[in-house]
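Now for the letters of each chain:
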Amino acid sequence: MALRVFCPRVMSPSALLLLLPLLLLAGVPLAAAATRPALWPLPVSVQQTPNLLYLSPVSFEITHGLDSSAGPDCFLLQDAFRRYHQYVFGYSENPDVSRMSSSVGTEIQKLVVVITSDSECNAYPNITSDESYKLVVQASVAVLEARKVWGALRGLETFSQLVYRDSYGAYVINETEVTDFPRFPFRGILIDTSRHYLPLKTILMTLDAMAFNKFNVLHWHIVDDNSFPYQSMAFPELSGKGAFSHAHVYTHTDIRHVLDYARLRGIRVIPEFDSPGHTNAWGKGQENLLTACYAGSQKTGFFGPVNPILNTTYDFLSTFFKEVSQVFPDNYIHLGGDEVDFSCWKSNPDVTKFMEEQGFGQSYEKLESYYIQKLVDIVSSTNKGNLVWQEVFDNKVKLNPQTTIVEVWKGSYYEKELSDVTAAGFATVLLSPWYLDYISYGQDWRRYYYVEPLQFSGTSTQKELVLGGTAALWGEYVDATNLMPRLWPRASAVGERLWSSKQVRDENDAYNRLTEHRCRMVRRGIPAEPLYVGYCEL
Ligand SMILES: *[C@@H]1O[C@H](CO)[C@@H](O)[C@H](O)[C@H]1NC(C)=O
Ligand SMILES: *[C@@H]1O[C@H](CO)[C@@H](O)[C@H](O)[C@H]1NC(C)=O
Ligand SMILES: *[C@@H]1O[C@H](CO)[C@@H](O)[C@H](O)[C@H]1NC(C)=O
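A quick note: this is a predicted structure, and the numbers were derived from the prediction, not measured.

**Q** Mind showing me how you'd approach the pairing of strand S17 (residues 427-430) here?
**A** The side chains of a regular strand alternate, residue by residue, between the two faces of the sheet. Judged by which residues are buried, S17 turns out to be covered on both faces: Ala427 and Val429 on one side and Thr428 and Leu430 on the other are all buried. Across 4 bridges, strand S16 (residues 404-408) lies against S17 in parallel orientation. Its bridge partner being in S17, Val408 is matched across the sheet by Leu430. In this fold, S16 hands off to helix H14 (residues 414-423), which returns the chain to S17; that crossover is right-handed. Note that S17 and strand S18 (residues 466-473) share 3 bridges and pair parallel. Its bridge partner lying in S18, Leu430 is registered against Gly469.

**Q** Sorry, what's going on with the side chain of Arg524 here?
**A** If you trace the backbone, Arg524 turns up in the segment after helix H19 (507-523). Here the side chain of Arg524 touches Ser160 through a polar contact of 2.8 Å, side chain to side chain. Those residues in contact with Arg524 that sit more than four places away from it in its chain are Tyr84, Tyr87, Glu157, Ser160 and Phe212.

**Q** Just checking my understanding: could you explain the site of ligand 2 for this structure?
**A** Taken together, Glu120, Ala123, Asn126, Thr128 and Asn331 are the residues near ligand 2. The contact in question runs from an oxygen atom of ligand 2 to an N or O atom on the side chain of Asn126, over 2.3 Å. Contact between ligand 2 and Thr128: a nitrogen atom at 3.4 Å from a side-chain N or O atom of the residue. The protein chains hide 47% of the 360 Å² of surface that ligand 2 would expose on its own. Split into classes, the residues belonging to the shell around ligand 2 amount to 1 nonpolar, 3 polar and 1 charged.

**Q** I keep staring at the pairing of strand S4 (residues 110-115) and nothing clicks. Help me out?
**A** Within S4, 5 of the 6 residues are buried, which leaves it mostly tucked inside the rest of the structure. Bridge analysis of strand S2 (residues 61-64) against S4 gives 4 bridges, and the strand direction is parallel. Looking at S4, one finds that Ile62 is bridged to Leu111. Sheet analysis places S4 next to strand S6 (residues 141-146), joined by 6 bridges and oriented parallel. Note on S6: the bridge partner recorded for Val112 is Val143.

**Q** Teacher, can you tell me more about the confidence of the model for the protein chain here?
**A** Mean pLDDT over the protein chain: 92, with 91% of residues reaching 70 or higher. Scored below 50 in pLDDT, residues 1-30 makes 45 contacts in the model with residues more than four places away or belonging to other chains.

**Q** Sorry, what's going on with unusual backbone geometry here?
**A** Most peptide bonds adopt trans geometry, and most residues besides glycine take a negative phi value. That bond from Ser275 to Pro276 is cis: its omega, 5°, falls within 30 degrees of zero. In this chain, Trp488 is followed by Pro489 through a cis amide linkage whose omega measures 5°. Mapped onto the elements of the fold, Pro489 is located in the loop between helix H17 (483-487) and helix H18 (490-499). A positive phi angle, close to 65°, is found at Lys396, a residue other than glycine. Looking at where Lys396 falls in the secondary structure, it is placed in the loop between helix H13 (390-394) and S16. Residue Lys396 is classed as exposed on the basis of its relative accessible area, which comes to 68%.

**Q** I tried to follow the pattern of salt bridges on my own but got confused; where do I start?
**A** Two side chains carrying opposite charge are able to pair once their charged atoms lie near each other. Using the criterion set out here, one finds 23 salt bridges in the structure. With a shortest N-O distance of 2.8 Å, Glu131 and Arg187 are connected by a salt bridge. Taken together, the residues span a long stretch of sequence, with Glu131 in the loop between S4 and strand S5 (133-137) and Arg187 in strand S9 (residues 186-192) at a distance of 56 residues. Each member of the pair, Glu131 as well as Arg187, is classed as buried. Here Glu237 and Lys241 are joined by a salt bridge, their closest N and O atoms 3.0 Å apart. Of this pair, Glu237 and Lys241 both sit in helix H6 (residues 237-242), 4 residues apart, which is roughly one turn of that helix. Since its relative accessible area comes to 39%, Glu237 is described here as partly exposed. Through salt bridges that share partners, Asp192, Arg195, Asp224 and Glu476 make up one connected network.

Rules used in this analysis
Residues numbered from 1 in each chain as written. Chains lettered and ligands numbered in written order. Predicted model: local features only at pLDDT ≥ 70, side-chain atom pairs only at ≥ 80, totals over all residues. Heavy atoms only, no water. Buried < 20%, exposed > 50% of the residue type's maximum accessible area, 1.4 Å probe, protein only. Helix = DSSP H or I, 4+ residues; strand = E, 2+ residues; numbered from the N terminus. Pairing = 2+ DSSP bridges. Right-handed = clockwise from strand over helix to strand, strands pointing away. Polar contact = N/O pair within 3.5 Å; in protein donor to acceptor, adjacent residues only side chain to side chain. Contact = heavy atoms within 4.5 Å. Near = heavy atom within 4 Å. Areas by Shrake-Rupley, 256 points an atom, 1.4 Å probe, with all protein chains shown as cover. Nonpolar A, V, L, I, M, F, W, Y, C, P; charged D, E, K, R; others polar. pLDDT = per-residue confidence, 0-100. Salt bridge = Lys/Arg side-chain N within 4 Å of Asp/Glu carboxyl O.

Structure representation (structure tokens):
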């Protein structure tokens, strides 16, 4: 189907000035639709006509189709209908009806949502979740059709982006037909709650913004060297001693809240418990877990990575990951495995002796493999798949391509790494070009947008193993004060790259749509930073 470029309906600044007092008098809610439509990320196919349809904020409704496999008992959709009604019309209790009368034209009375297959209303999303949908907007009823609720969620977002306001302030939508589905099934945002604690509110707001950009995976790098905010039932001392303070923890109730909120938006939550490196904070509440470092024959008092030679280590990991696998419903857990510093292992005489016994020679990669293989076995026994950072693959740990996904994060030569990882038969997720914690002057979103994830040498079978990518915002310099503006709209560029068709690459068109999309996020309560000079209408 043809892809039409939008001709945005521009309102002159003077017209807006005239309108402004009117809008204020009428108490028009600020969260409502914009004065021109802008789609982000761009759907696979959009066809529009100049036929305008009017929506009444008082009577317009989003409802279940009679032949839908989901009904009013599907809370996920009910909640989404309520949310999207508000995104379109704002939060005002008393919408201004007078304006509707001034508009002539055909009214569109409702959006009917039809789920055509087993709805999966009460399920958690996973890598195979169907997010496709078809949206037909015509008088006097619009129809959103999807096989599963996941597609309905994406289609509701698109519908809300299509509604705008004419120069009288009336809500309008062009006659439209959209067919849409994601290019990649894994579209992630990485947040880091170890370098700084992020309040629950910030995490939930991130999930909202993710839904506005059709992201579907929250990669929650929950613990690291600096703090251990995950409150374990089996090992309460881990956060008791390893969190920044008793207030800076995530209880199981907090986590449930995040999981529910994410599920309702079609977002998976994959927790990362990185080891054997990056575990300083684990050692505070769990004695003998970390390797004691030596200077000559003396202990230095410092600790290195997890001690891989003790049976107690694996007893601990078994109990711990059994709990984690029950707390987090996703069928994948991220096991980390990056940046293991071998120097402490090298200094420890017991480790040296173990290396000799095992015949590892001087290869500390083999010791790392020994550890990771045991860890992977433990996690596999809970019926979960796992994700690991690329070093685990680079260091030749024996992994099962059926259950392990390798994440490519290193900056240089990531094309070569993608090629190697997929040649070995592993599914992969790309992060390298999307480290949003690196900031610079100017419009760096263009750099993220420019990336083509499949541009590496490999067969089509290899390319199919690229599941998608993740925009990573590591937390060394990020807390609740700056997370949102640093993430949005920069991550939106990655969102479109991973959702839209490969040929959607026009930067000027992207700039125009993204500018408007950013204003829409701001209206919806997301403090997204500006792309460049300009202003937001309304
Ligand atoms: C939407 O309708 C308006 C009013 O007829 C028209 O000016 C505009 O070009 C239409 N948009 C598209 C993309 O067809
Ligand atoms: C994904 O979820 C659906 C619905 O719960 C389920 O039927 C399917 O088996 C799951 N797929 C995987 C790969 O887990
Ligand atoms: C550790 O476990 C192995 C395998 O189960 C066993 O052979 C060994 O004796 C155990 N070591 C200690 C110190 O308990």
